[in-house]
Amino acid sequence: MKFITKLVVLAIFVTFLSCSSDDDNSSLQEVAITTASLSGTYELTAYNSLDITLLETEDGTYTESIIGEHLTLGNSNITFTESGDYSFNYNYVITEKYALNGFTYITDNVDYSDASAGDYTITGDQKVLFNGREYEATLLNNGELTIYFEQYEETEYYENTYSQELTFTKV
């Protein structure tokens, strides 16, 4: 009987913990992206990219992947104004892992540093256009901004899919 009582108490405790953690996450909500809600400066906190190429050769199909993951973030930020202007300064080092048919054969640390500025436009479906490139954007009420880009290209010799995800926090 003591075992069953302990089991019931443990079940109630676990249920209580899971409910309280759900309550904490329920306060995070997506914010509609407008020039007003996006306005401000955001610090880059995470970077991930994936570049996959399928190559057709006489010997068959080869898959080449380049995986980029942030390693060190420098002084990288993006600023949006309500009038539709942006400026992006970035300085970071990422780890690029190259793989051919699933076998990783080279890992490099690559420095990226540059700046850009221009106009941005927000479309009705939560996408942001920077100089003609369309990015999916998610803005949370805690100031976290995620920008995602994907591009697909196909020729008679290869198929290439490239994606990039950047996560920022409002400062």
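As shown above, the structure is provided for reference.
All of these numbers come straight from a predicted model, not from anything done at the bench.

Here is what the cut-offs are and how they apply
- Residues numbered from 1 in each chain as written.
- Predicted model: local features only at pLDDT ≥ 70, side-chain atom pairs only at ≥ 80, totals over all residues.
- Heavy atoms only, no water.
- Helix = DSSP H or I, 4+ residues; strand = E, 2+ residues; numbered from the N terminus.
- Buried < 20%, exposed > 50% of the residue type's maximum accessible area, 1.4 Å probe, protein only.
- Contact = heavy atoms within 4.5 Å.
- Core = buried A, V, L, I, M, F, W, Y, C linked by side-chain atoms within 4.5 Å.
- Pairing = 2+ DSSP bridges.
- 1 Å grid on protein atoms, 1.4 Å probe; cavity = no way out; pocket = protein on both sides within 12 Å on 5 of 7 lines; lining within 4 Å.
- Points joined across faces, edges and corners; volume = space filled by probe spheres on them.
- Nonpolar A, V, L, I, M, F, W, Y, C, P; charged D, E, K, R; others polar.
- Salt bridge = Lys/Arg side-chain N within 4 Å of Asp/Glu carboxyl O.
- Polar contact = N/O pair within 3.5 Å; in protein donor to acceptor, adjacent residues only side chain to side chain.

1. Digging into the overall build of the protein chain
Part 1 of the argument: For the protein chain, the count of helices and strands is two helices and ten strands.
Part 2 of the argument: Secondary structure elements in the protein chain, listed N-terminal to C-terminal, are α-β-α-β-β-β-β-β-β-β-β-β.
Part 3 of the argument: A buried classification covers 25% of the 171 residues belonging to the protein chain.
Part 4 of the argument: Across the protein chain, contacts joining residues at least 24 apart in sequence account for 54% of those joining residues at least 6 apart.

2. Remarks on the nonpolar core
Part 1 of the argument: Formed by 23 residues in total, the largest nonpolar core has its most connected members in Leu38, Tyr42, Ile78, Phe80, Phe130, Leu145 and Phe168.
Part 2 of the argument: Secondary-structure elements contributing two or more residues to this core are strand S2 (40-57), strand S4 (77-80), strand S5 (85-100), strand S7 (127-130), strand S8 (133-140), strand S9 (144-154) and strand S10 (158-170).
Part 3 of the argument: Residues in contact with phenylalanine 80, not counting those within four places in the same chain, are Leu38, Ser39, Gly40, Tyr42, Asp85, Tyr86, Tyr120, Phe130, Leu145 and Ile147.

3. Observations concerning the pairing of S4
Part 1 of the argument: Examined bridge by bridge, S2 and S4 share four bridges and lie antiparallel to one another. Residue pairing across strands places threonine 41 opposite threonine 79, the latter belonging to S4.
Part 2 of the argument: Taken together, the four bridges between S4 and S5 define a ladder with antiparallel strand orientation. By the bridge assignment, phenylalanine 80 is partnered in S5 with tyrosine 86.
Part 3 of the argument: With antiparallel pairing between neighbouring strands as the criterion, S4 and S5 make up a hairpin whose turn holds four residues, including glycine 84 at a positive phi of roughly 95 degrees.

4. Side note on the layout of surface pockets
Part 1 of the argument: In this structure, the largest pocket spans a volume of roughly 370 Å³.
Part 2 of the argument: In this structure, the largest pocket is lined by 16 residues; those nearest its centre are Phe88, Tyr90, Ser116, Tyr135 and Gln164.
Part 3 of the argument: Secondary-structure elements contributing two or more residues to the lining of the largest pocket are S5, strand S6 (103-122), S8 and S10.
Part 4 of the argument: A per-class count over the lining of the largest pocket returns twelve nonpolar, three polar and one charged.

5. Section: the pattern of salt bridges
Part 1 of the argument: Taken as a whole and judged by the stated rule, the model has one salt bridge.
Part 2 of the argument: One salt bridge connects glutamate 134 with lysine 127, and the closest N-O pair in it is separated by 3.8 Å.

6. Quick word on the pairing of S6
Part 1 of the argument: When S5 meets S6, the two strands line up antiparallel, connected through 16 bridges. Directly across from aspartate 85, in S6, lies its bridge partner aspartate 119.
Part 2 of the argument: Linking S5 to S6, which pair antiparallel, is a turn of two residues; within it asparagine 101 sits at a positive phi near 50 degrees.
Part 3 of the argument: By the bridge criterion, three bridges tie S6 to S7 in an arrangement that is antiparallel. Within S7, the position partnered with tyrosine 120 by the bridge is phenylalanine 130.
Part 4 of the argument: The antiparallel hairpin formed by S6 and S7 contains four residues in its connecting segment, where glutamine 126 sits at a positive phi of about 60 degrees.

7. Let's talk about the side chain of asparagine 160
Part 1 of the argument: Considering the arrangement of structural elements, one finds asparagine 160 in strand S10.
Part 2 of the argument: At 3.3 Å, the side chain of asparagine 160 and the backbone oxygen of isoleucine 52 are in polar contact.
Part 3 of the argument: Leave out the neighbours within four places in its chain, and asparagine 160 touches Asp51, Ile52, Thr53, Gln151, Tyr152 and Glu153.

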